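Residue-level listing of the chains:
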Protein chains: 2
Amino acid sequence: MGRKLLEIAYLGTSYCGWQVQPNGVTIQEILQNSLYKILKYKPNVTGCSRTDSDVHAKQFFCHFDTDVNIPNNGLVLGLNTILPNDISAINCYNVPDDFHARYSATGKLYKYSIFLSEIKNPFLFGRTLLIKSPINLTLANEYCDLLKGKHNFEAFSSINRTVVDTVRTVSECYIDINDNILDFYVKADGFLYNMVRIMVGTLLEYSSGKISREDIAKAFSTGDRTLLGATAPPQGLYLEKVFYDNNDDIFFKDRS
Amino acid sequence: MGRKLLEIAYLGTSYCGWQVQPNGVTIQEILQNSLYKILKYKPNVTGCSRTDSDVHAKQFFCHFDTDVNIPNNGLVLGLNTILPNDISAINCYNVPDDFHARYSATGKLYKYSIFLSEIKNPFLFGRTLLIKSPINLTLANEYCDLLKGKHNFEAFSSINRTVVDTVRTVSECYIDINDNILDFYVKADGFLYNMVRIMVGTLLEYSSGKISREDIAKAFSTGDRTLLGATAPPQGLYLEKVFYDNNDDIFFKDRS
């Protein structure tokens, strides 16, 4: 029995998020069913994150255990003939038995895409949040700087969260604008439930002057969710990259 | 009664092309039904081109006649609340009664996007053609140069074409590569049915050495379709821009 780490990417529009649930089709379910066709049993696949409905992943990792002897590149090719067109298998690696797609991750990079336009764009629907009013970039950049560092992000999480420790370290937070698309990037050692979407909802209110620097400081010190902006809708959110320690040593040696 | 020219954009994936037909939903039909809700009658809308199923338009023009007194920007805003998310109204202009979305066009620019990758990308599905083998760019650029100029493009058209004159002038034809996406651009004074898709199918065979410079010359001189490559699938094709003479004088003055 060995553990495999699978790298995939998906457009989340048609799915009720990653995790198997009774009321809709999920990426985990589709992936497990696809693996069943190759491995002849349905492995229990553990993801690096639980993305919500309509959230996308440019890079997503999940692990599963198998004693089926199949080359990793053969598994990737096989999966891509079975998976629907909005889910791709990218790579597969052999990892140690104690490697965990979620708990071994040392950081994640998320992107949230905002389309700044008075008129909707059919090519960006489901892939960005359309915002018709201009955004004050000076304030937006100031806001990004406030999020950086080690803080108690309790206020930046949904009450549905299950974790107790709400302190996280944001190592990168910045904005990039191209062709009227504002991309908000945030990298941290971990994220609470809905954390990026609340960061983005608050970005919109901060950059329009409705939320102040003091409000953010107070949200950090009190954990009061009501000081912050709305939870931004899911379709602009992308899990961009997942980081593991010593990637090269642990698993990048063994792709074939 | 005045004539209006409407500029729209659409993702063609869900439609059986532009033109109304009995066996599927078309963009023309959706647009006419949407205009009906605003104008209280269904205008006959004439498009600048007949795009096929799965073909996209970044810019598409159509005209219709109306005696309803509605400001052009109000019509655009109203349409965007009614149109589905994969069709957008961009602008509306008052034009002279003899202006014709199709016959007044002096040129069109098409793009065909090819994703060069061994692995499919969920974000590019339905929006590019996936090609797994590398493309010889020297040959591809040489091929683009061969298409430029005034030629009889009869061989580059489907037998379903309805026009008699098959001579067209290609003023621009070039390739642009970014992030493994090869964009083939071609601008001409007019296009025959399936012309760009046959150009692209031939590009693939020319750049892999299966079709020669002499074959292209012979195709121009004989009109023999069988000398050329397959008709590339529709999903990589975009109508990028439509050109009209003296745009500024004719209609850009009257947007409001």
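Residues numbered from 1 in each chain as written. Chains lettered and ligands numbered in written order. Predicted model: local features only at pLDDT ≥ 70, side-chain atom pairs only at ≥ 80, totals over all residues. Heavy atoms only, no water.

**Section: the interface of chain B and chain A**
- The interface is formed by 24 residues belonging to chain B together with 24 residues belonging to chain A.
- For the chain B and chain A pair, buried surface summed over both sides reaches about 1,900 Å², with 62% attributable to carbon and sulfur atoms.
- A per-residue breakdown of the area chain B buries against chain A is headed by Lys120(B), Pro122(B) and Phe123(B), which together make up 40% of the total.
- Counting every contact that joins chain B to chain A gives zero salt bridges.
- Residue contributions to the side of chain B that touches chain A peak at four residues, all from strand 4 (residues 87–95) of chain B.
- Partitioned by chemical class, the residues of the side of chain B that touches chain A number 15 nonpolar, five polar and four charged. (Contact = heavy atoms within 4.5 Å. Buried area = accessible area lost by both parts, 1.4 Å probe. Salt bridge = Lys/Arg side-chain N within 4 Å of Asp/Glu carboxyl O. Helix = DSSP H or I, 4+ residues; strand = E, 2+ residues; numbered from the N terminus. Nonpolar A, V, L, I, M, F, W, Y, C, P; charged D, E, K, R; others polar.)

**Here we look at the relation of the copies chain B and chain A**
- Note on the identical chains: chain B maps onto chain A by a rotation of 180° and an axial translation of 0.0 Å, with an RMSD of 0.0 Å. Taken together, the rotation angle and the small translation identify this as a two-fold axis. Of the C-alpha atoms belonging to chain B, the one lying closest to the rotation axis is found on Phe123(B), 5.5 Å away.
- Looking at the interface residues of chain B, 100% of them are also at the interface in chain A, so both copies use one shared face. (Least-squares fit on C-alpha atoms with pLDDT ≥ 70 in both.)

**Structural notes on the pairing of strand 5 (residues 105–116) of chain B**
All names here are of chain B.
- Most of strand 5 is tucked away: 11 of the 12 residues are buried.
- Direction of pairing for strand 5 relative to strand 10 (residues 237–244): antiparallel, over a ladder of seven bridges. From the neighbouring strand, Lys111 faces strand 10, where its bridge partner is Tyr238.
- Summarising the sheet, strand 5 and strand 9 (residues 181–188) pair through eight bridges and their orientation is antiparallel. Each bridged residue has a counterpart across the sheet, and for Tyr112 the counterpart in strand 9 is Phe184.
- With three bridges connecting them, strand 5 and strand 6 (residues 129–131) associate as parallel partners. Bridge pairing links Ile114 to Leu129 in strand 6. (Buried < 20%, exposed > 50% of the residue type's maximum accessible area, 1.4 Å probe, protein only. Pairing = 2+ DSSP bridges.)

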